[in-house]
Amino acid sequence: MKKIIPTTLLIGLLLTGCSENRVNTEENKVKKYVPIESHVKLGKEFEVTVNDIRTSEVEEKFKLKVDNFKIQSNISSNENTNKEKDFIELDISVENIGDTDLTSFNVSPSSFSFFNENGVEIDSFPLIGDDNEKDTFKPSTIRPNGKNKGKIYITIPKGERVSEMIFYDNIASKDRADTFIFKINN
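The rules behind the values
- Residues numbered from 1 in each chain as written.
- Predicted model: local features only at pLDDT ≥ 70, side-chain atom pairs only at ≥ 80, totals over all residues.
- Heavy atoms only, no water.
- Helix = DSSP H or I, 4+ residues; strand = E, 2+ residues; numbered from the N terminus.
- Pairing = 2+ DSSP bridges.
- Buried < 20%, exposed > 50% of the residue type's maximum accessible area, 1.4 Å probe, protein only.
- Contact = heavy atoms within 4.5 Å.
- Phe/Tyr/Trp six-rings, centres within 6.5 Å; stacked < 30°, edge-to-face > 60°.
- Salt bridge = Lys/Arg side-chain N within 4 Å of Asp/Glu carboxyl O.

Outline the environment of Pro139, supporting the account with residue identities and numerical values.
Note on placement: Pro139 falls in the loop between strand E7 (125–126) and strand E8 (147–157). Put simply, Pro139 and Asn106 are 33 residues apart on the chain and 7.8 Å apart in space, counted from C-alpha to C-alpha.

Could you give me a rundown of the sheet that holds E8, with the residues and numbers involved?
One open sheet accounts for five strands, arranged E2-E3-E4-E8-E7; its pairing is antiparallel. In this open sheet, the two edge strands, each paired with only one partner strand, are strand E2 (46–51) and E7.

So what's going on with the side chain of Asp86? Residues and values would help.
Within the element layout of this structure, Asp86 appears in strand E4 (residues 85–96). Residue class for Asp86 comes out buried when judged on its relative accessible area of 6%. With near-sequence residues (within four places) excluded, Asp86 lies in contact with Ile71, Gln72, Ser73, Ile154, Thr155, Ile156, Pro157, Lys158 and Gly159.

An account of the packing of aromatic side chains is needed here, citing residue identities and associated values.
Aromatic rings considered in pairs are described by the distance between their centres and by the relative angle of their planes. Under the criterion given, the structure shown has four aromatic pairs. Judged by centre distance (6.0 Å) and plane angle (45°), the rings of Phe167 and Phe180 are tilted. In this pair, Phe167 sits in strand E9 (residues 164–168) while Phe180 sits in strand E10 (residues 179–183), placing the two residues 13 residues apart along the sequence.

Give a detailed account of the pattern of salt bridges, specifying residues and quantitative values.
Inspection of the entire model under this criterion finds six salt bridges. For the salt bridge of Glu164 with Lys183, the shortest nitrogen-to-oxygen distance reads 2.9 Å. With Glu164 in strand E9 and Lys183 in strand E10, this residue pair connects regions lying 19 residues apart in the sequence. Owing to a relative accessible area of 17%, Glu164 belongs among the buried residues under this scheme. Classification of Lys183 by relative accessible area gives exposed; the value is 55%.

Can you tell me about the sheet that holds E10, naming the residues and giving the values?
Sheet strands line up and pair through hydrogen bonds in the backbone, either parallel or antiparallel. Strands sit in the order E1-E10-E9-E5-E6 across an open sheet of five strands; the sheet is mixed. Bordering the open sheet on either side are strand E1 (37–40) and strand E6 (121–122), each of which pairs with just one other strand. With four bridges connecting them, E1 and E10 associate as parallel partners. Paired with Val40 across the two strands is Phe182, which belongs to E10.

How would you summarise the environment of Phe125 if you had to cite specific residues and measurements?
Mapped onto the fold, Phe125 is located in strand E7. When the C-alpha atoms of Phe125 and Phe112 are compared, they prove to be 9.6 Å apart, with 13 residues separating the residues in sequence.

Shape descriptors only; they carry no functional weight alone.
Take a look at the structure:
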């Protein structure tokens, strides 16, 4: 009896170790997605493929065109905002070229980041409240072959000069997103 209990425990430990090894081996087989960095030009349409960051499977595919980058002043209905902020205006055009619906927030003001000539990220924020009515590009679900276009506005601190704009295909995890870099000439 004394030998049965230690032997049973030893067999249990060995079986547990084997099952953990098998799980780890299966997890290692999942291919991790490696983000891609692309340089694109304002006014030129480019393709975006959104991949599952765990499996690298294609989730969504669309064409995106970003054009008419402008920095505007004094467009808010709030005078304090006009004193503190400038406004980036962008024309956006999205066409779903995939086989599934394109989710509603794949392209939104939060999909973009802006950097100055020193490579420092500029604080930016989408318009909110009454001023949001100026946005004519409304994030929405787009069926296959569907299109959505309009203008978006994003606030930045007054007087900032943008030299680079980046579009991220996954705003939930920008560190694992494909990036599309635009050089901006001010």
